[in-house]
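Here is how the chains run, residue by residue.
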Amino acid sequence: MNYFWWTANLGVVPLFLLAAFLLAPAALCFCLRRFSVTAVLDAIWFSRDRYRLYIDLKLLNVATSLVFVKIFLLIPSASFAANSPKDIILAKGEQREIELETLRNFSVGNPEVISYKFLPKQGKLLLKGKKVGFTDVIVWTKNGKETFSLYVLSKQKFLKTFQLADALKNLNLEIDIKGPVMTASGTLSDFSDYLYLQKIKGQFQDQVFFKITLDPALRNHIVGQIYKKLYANGFSSVTCQVDWLDVLCFYEGTQNENLLKQLSGFYRVTFIQQDSRLRHKNYRLKLKLIQLERMDGKEIHLGMDAFQTTVGDLFDFGIRKLIDKNSVFLQKSQLDLSTLAEPELIVNLTTPQLIEIGSQIPYQNIAQQGSTVIAPIDWKFAGLKIKTKITESFGKLLLEYETEFSRPIGQSINGSKEISSALLDVGVPLKIFQIGFQTNSRDRKGIPLLSDIPILKHLFESKSDQATYKQIYGYVVLEAVE
């Protein structure tokens, strides 16, 4: 006979299923209770060695648990230490709420700057700007200590600060505000943004620290335009460098104020004049004074370029080679070529030089004062004077020269004067002046003694007038003295 026939309907009959559902928690609790009692009774019968092992394992478990507890407690404090103090900027009279639900205590560094009120039920700390200045607020919560940095600004300063911050953010820059002072960082790639930011920098350079770099393409565009315009206007030595947002350009030479002012205003570039490297050298100034003379008195309508030679040959080999190469041409043209002078000077920049080729001629001036006849003698120079001065201009050497040519005509000295300048390249000869003039000479020849007889001298003498046209050329070359 089967006494357990009723167990077949436990999972089918609804009444049995409901009873199992209601009695399941009680049954589970009863099982756990029996297990705990059994564990306690078993522990009583442990031997002394097993008891010691049990105690050691229990202590190890407790120690391990304490280590894990300490680690989990340190995690919030470590994350808090990694955060920087919070910055709060208030306008004078403005209020701000800080939500601190677990606030235990707080301390205000400078109570004269802000007024405060704690609302424990709402878990909020109410702050109000009272006076322009700075203070810190330290709060203690169950998570640890937290520091707030509070800046109180005037309403006008507060408005300008945040307007400036918004303007800089529109340029895709990162802004870090510390009270009235802020730091802008980022990279600029647009030229219009560069000009706009330069304008802001000029107005707020004491309030904003600019850690902004220029994109390589924008930097090359600005520096390239500076190089192009300065070189096109005679500057020979220009160096530009970019330091964050500042573009500094160093140049040598005489300052072109109008050009530099225009470029500085448009591209926002700072120009700095450097001491020229050319100033710290000595130079040798060589001059060649060549005379071309035509004996028939006709004007000379050709220059030295008509000869089969170069100006460099004139300094390297002298006038002799020039005559030898052009002897036939000189004879047919009735020309005589000669050297007047070949002066050489050791010079440096900004020091004037003077060369005189000629002599002092005495002239007697006769004058009468009452019954006394006065005949003083005046000395006048006749010849060629050359004044030179070498300066530095736009990174090049500028030769400023003055030529004064004079010759005696009758009882006076007549001549001409010329003032000019020219840029020199070291080692390259250059023609700097050309002077043309005509001389007339009268020659009287006769038989000795007879030519002195008042009436007969005209029968025994001859007269001749001779006109000569002369051309004087001045060449110069500058050499560096090592």
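Placed above this text is the structure.
Quick caveat: nothing in here was measured; it's all calculated off a predicted structure.

(A) Up close: the overall build of the protein. If you tally the helices and strands in the protein, you get nine helices and 24 strands. The burial tally for the protein puts 30% of its 482 residues in the buried class. The contacts in the protein between residues at least 6 apart in sequence include a share of 62% that link residues at least 24 apart. Looking at the protein as shown, the accessible area adds up to about 31,600 Å², and 55% of this sits on carbon and sulfur atoms.

(B) Quick look at the sheet that holds strand β8 (residues 174–178). Across the sheet, three strands lie side by side as β8-β9-β10; this open sheet has mixed pairing. Edge positions in the sheet fall to β8 and β10 (208–214), since each has one partner strand and no second. Across the sheet, the mean angle separating the axes of adjacent strands is 10 degrees when strand polarity is ignored. The pairing of strand β9 (residues 181–188) with β10 spans seven bridges and is parallel. By the bridge assignment, Ala184 is partnered in β10 with Phe210. The strands touched by helix α3 (residues 155–169) within the sheet are β8, β9 and β10, with β8 carrying the most contacts at an inclination of about 160 degrees.

(C) Structural context of the state of the cysteines. Under the defined criterion, the tally for this structure stands at one disulfide. Between the sulfur atoms of Cys240 and its disulfide mate Cys249 the distance is 2.1 Å. An S-S torsion of about 110 degrees defines the bridge between Cys240 and Cys249 as right-handed.

(D) Inspection of helix α5 (residues 216–232) at higher detail. Here α5 is 17 residues long and its end C-alpha atoms lie 24 Å apart, about the 24 Å a rise of 1.5 Å per residue gives. If you check which residues of α5 are buried, you get Leu218, Ile222, Val223, Ile226 and Leu230. Down the axis of α5, the smallest arc covering the buried residues is 120 degrees, so these residues share one side. Facing away from the buried side of α5, by more than 90 degrees, are the exposed residues Ala217, Lys228 and Ala232. Immediately downstream of α5, the backbone of Gly234 shows phi near 100 degrees, a positive value.

(E) Seen up close, the pattern of salt bridges. Tallying each qualifying case throughout the model produces ten salt bridges. For the salt bridge of Asp87 with Lys178, the shortest nitrogen-to-oxygen distance reads 2.8 Å. On the criterion of sequence distance, the pair formed by Asp87 in strand β1 (residues 86–91) and Lys178 in strand β8 is long-range, its members being 91 residues apart. Notably, a salt bridge pairs Lys385 with Glu356, separated by 3.9 Å at the nearest N-O pair. Of the two residues, Lys385 sits in strand β20 (residues 377–393) while Glu356 sits in strand β17 (residues 352–364), which places them 29 residues apart along the sequence.

(F) Highlighting the pairing of β8. Relative to β9, β8 runs antiparallel, the two sharing five bridges. Its bridge partner being in β9, Ile175 is matched across the sheet by Ala184. From the end of β8 to the start of β9, which pair antiparallel, there are two residues, and Gly179 there has a positive phi angle of about 70 degrees.

(G) Layout of the packing of α3 against helix α4 (residues 191–204). As a packed pair, α3 and α4 sit with axes 11 Å apart at the nearest point and diverge in direction by 155 degrees. Here α4 runs roughly antiparallel to α3, going by the angle between their axes. Helix-helix and strand crossings are classified by hand; for α3 and α4 the assignment is left-handed. Taken together, the residues of α4 that come into contact with α3 (itself represented by Leu164, Ala167 and Leu168) are Tyr196, Leu197, Ile200 and Phe204. Residues belonging to the contact of α3 with α4 are distributed by class as follows: seven nonpolar, no polar and no charged.

(H) Just the nonpolar core, in detail. Of all hydrophobic cores here, the largest spans 41 residues; its most connected members are Leu168, Tyr194, Leu197, Phe210, Ile226, Leu230 and Phe271. Apart from residues lying up to four places away in sequence, Leu197 is in contact with Leu168, Leu171, Leu173, Leu188, Phe210, Ile212 and Leu245. Counting 24 residues, the second largest nonpolar core, distinct from the first, contains Leu287, Leu349, Ile386 and Ile390.

(I) Geometry of the environment of Gln364. Assignment of secondary structure puts Gln364 in strand β17. We classify Gln364 as partly exposed; its relative accessible area is 48%. Taking the C-alpha atoms as reference, Gln364 lies 4.3 Å from Ile377; in sequence the two are 13 residues apart.

(J) Structural detail: the sheet that holds β17. What the four strands build is an open sheet, ordered β17-β20-β21-β22; its pairing is antiparallel. The open sheet is flanked by β17 and β22 (412–424), the only strands paired with a single partner. Averaged over all neighbouring strand pairs, the angle between strand axes comes to 10 degrees, with direction disregarded.

(K) Examining the packing of aromatic side chains more closely. For the coordinates displayed, the defined rule picks out ten aromatic pairs. Centre to centre, the rings of Phe158 and Phe162 are 4.7 Å apart; their planes meet at 45 degrees, and the pair counts as tilted. Residue Phe158 and its partner Phe162 are located together in helix α3, separated by four residues, close to a single helical turn. Here the aromatic residues Phe191, Tyr194, Phe266 and Tyr267 are joined through ring pairs into a cluster of three or more. One Lys or Arg, Lys385, reaches over the ring of Phe381 and ends 5.2 Å from the middle of that ring.

About the cut-offs
Residues numbered from 1 in each chain as written. Predicted model: local features only at pLDDT ≥ 70, side-chain atom pairs only at ≥ 80, totals over all residues. Heavy atoms only, no water. Helix = DSSP H or I, 4+ residues; strand = E, 2+ residues; numbered from the N terminus. Buried < 20%, exposed > 50% of the residue type's maximum accessible area, 1.4 Å probe, protein only. Contact = heavy atoms within 4.5 Å. Areas by Shrake-Rupley, 256 points an atom, 1.4 Å probe, with all protein chains shown as cover. Pairing = 2+ DSSP bridges. Axes fitted to C-alpha atoms, helices over the stretch in contact; angles between N-to-C directions. Disulfide = S-S within 2.5 Å. Expected span 1.5 Å × (residues − 1). Arc of directions from axis to C-beta. Salt bridge = Lys/Arg side-chain N within 4 Å of Asp/Glu carboxyl O. Parallel < 35°, antiparallel > 145°, perpendicular 65-115°, else oblique. Left-handed = near helix turned anticlockwise from the far one by under 90°. Nonpolar A, V, L, I, M, F, W, Y, C, P; charged D, E, K, R; others polar. Core = buried A, V, L, I, M, F, W, Y, C linked by side-chain atoms within 4.5 Å. Phe/Tyr/Trp six-rings, centres within 6.5 Å; stacked < 30°, edge-to-face > 60°. Lys NZ or Arg CZ within 6 Å of the ring centre and 35° of its normal.

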